[in-house]
Amino acid sequence: MSYDRYDDPAKGTRHAITGSLIVGGAIAGALVGLAVTPLGKIVAGASPADTAEYVWNATAFGLIGTCLAPMTVWIAMRSVPLWRTLTEPLAGAVVGAGVGVALGSAAAFLALMPIGAAAAVARLAVSHRRPRLSGAGRLIGR
C-alpha cells in the first residue's frame, strides 16, 4: 500500500517554521529572563543579582519560551510576521514587569508580566486577522 497520496508537500516548510519558532522562543524567553532579573530584585528589595541568578532566569524563561512560542504562533498568530511574533510579546512581558516594579508590588510584578505578553499576542492576533469569505464570495470581518 502506497502512502504517497497522503504526503503533504508543505510538511517540510511547517517543520522548518516550527523549528525556527522553538529556537526563537528560547532566545526571546532567555532575553525576558535577563531583562526581568534586575526588576525582580528591585521589587523584592534584594541585593543585585549575581551571574548564577541571571543564568538561572535565562534558562527558565528560555524553556518557557521554547514551549509557548510554537503553540501561540500556530494557534493565534498564523498570519503575523515571524519577527513580530517573537519581539512584541517579549516587549509586552518586560513592560508588564516594569509596571509591576513601578507599583512596588511583587504580586503585580508576577501577574503583569504574563498579562503584558498575552495582551501583545491578542493585539497581534486581532490586527493580523485574515479576512474570511462568505458563501457569496464577499469579505467578512475587517
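What you see is a predicted model, and the numbers here were worked out from it, not measured in a lab. (Residues numbered from 1 in each chain as written. Predicted model: local features only at pLDDT ≥ 70, side-chain atom pairs only at ≥ 80, totals over all residues. Heavy atoms only, no water.)

Overview of the overall build of the protein
Quick reminder of the rule: Starting at the N terminus, helices and strands are each numbered in turn, a helix being any DSSP run of H or I of at least four residues and a strand any DSSP run of E of at least two. Accessible area is worked out with a 1.4 Å probe on protein chains only. A residue is then buried under 20% of its type maximum, exposed over 50%, and partly exposed in between. We call two residues in contact when some of their heavy atoms are within 4.5 Å. Here the open area of atoms and residues is found with the Shrake-Rupley method and a 1.4 Å probe, where only the protein chains shown may cover a residue.
For the protein, the count of helices and strands is four helices and two strands. In the protein, the succession of helices and strands from N to C terminus is α-α-α-α-β-β. Counting every position in the protein, which comprises 142 residues, the buried fraction comes to 31%. Long-range pairs, those at least 24 residues apart, make up 67% of the contacts in the protein with a sequence separation of at least 6. Summed over its atoms, the accessible surface of the protein is roughly 8,900 Å², and 69% of this surface lies on carbon and sulfur atoms.

Regarding the confidence of the model for the protein
Operational definition: Per-residue confidence from the prediction method is given by pLDDT, with values spanning 0 to 100.
Residues with a pLDDT of 70 or more make up 87% of the protein, whose mean pLDDT is 85. Looking at the elements of the protein, mean pLDDT is at its lowest for strand S2 (residues 139-140), recorded as 57, and at its highest for helix H2 (residues 51-76), recorded as 91.

Brief notes about a nonpolar patch on the surface
Definition in use: Patch membership is restricted to residues that have no salt bridge and whose relative accessible area is over 30%. Joining uses 9 Å for like charges and 5 Å for the nonpolar side chains Val, Leu, Ile, Met, Phe, Trp and Tyr. Salt bridges are identified by distance alone: a Lys or Arg side-chain nitrogen within 4 Å of an Asp or Glu carboxyl oxygen.
Side chains of Val23, Ile27, Leu31 and Leu34 sit close together on the surface and give an oily, nonpolar patch of about 350 Å² of accessible area. Its place among the elements puts valine 23 in helix H1 (residues 11-44).

Concerning the packing of H1 against helix H3 (residues 82-103)
Heads up, the condition is: Convention adopted: a line fitted to C-alpha atoms gives each axis, helices being fitted over their contacting stretch, and angles between N-to-C directions are expressed from 0 to 180 degrees. Each angle is binned into one of four classes, with values under 35 degrees roughly parallel, values over 145 roughly antiparallel, values of 65 to 115 roughly perpendicular, and all other values oblique. Helix crossings fall into two classes, left-handed where the near helix is turned counterclockwise from the far one by less than a right angle and right-handed where it is turned clockwise. Side-chain classes are defined by residue name, with Ala, Val, Leu, Ile, Met, Phe, Trp, Tyr, Cys and Pro counting as nonpolar, Asp, Glu, Lys and Arg as charged, and the others, Gly among them, as polar.
In contact at an axis separation of 10 Å, H1 and H3 are set at 15 degrees when each is read in the N-to-C sense. As judged from the angle between their axes, H1 and H3 are roughly parallel. The element H1 and its partner H3 pack so that their crossing is right-handed. For the pair H1 and H3, the contacting residues are Ser20, Leu21, Gly24, Gly25, Ala28, Leu31, Val32, Ala35, Val36, Leu39, Ile42 and Val43 in the first and Leu82, Thr85, Leu86, Leu90, Ala93, Val94, Ala97, Gly98, Gly100 and Val101 in the second. When the residues that make up the contact of H1 with H3 are grouped by side-chain class, the tally is 16 nonpolar, six polar and no charged.

Quick notes on the pattern of salt bridges
In total, this model carries three salt bridges according to the counting rule given. Among the ionic pairs, lysine 41 bridges to glutamate 53, the shortest N-O distance being 3.0 Å. Of this pair, lysine 41 sits in helix H1 while glutamate 53 sits in helix H2, and the two are twelve residues apart along the sequence. Classification of glutamate 53 as partly exposed rests on a relative accessible area of 30%.

Structural notes on the side chain of glutamate 88
Using the following cut-off: N or O atoms within 3.5 Å of each other form a polar contact, as long as, within protein, one can give a hydrogen and the other can take it, and as long as residues adjacent in sequence are counted only when both atoms are side-chain atoms.
With respect to the helices and strands, glutamate 88 occurs in helix H3. A distance of 2.6 Å separates the side chain of glutamate 88 from the side chain of arginine 84, its partner in a polar contact. A polar contact of 2.6 Å, which involves the side chain of glutamate 88, links it to the side chain of arginine 123. Residues in contact with glutamate 88, not counting those within four places in the same chain, are Ala120, Arg123 and Leu124.

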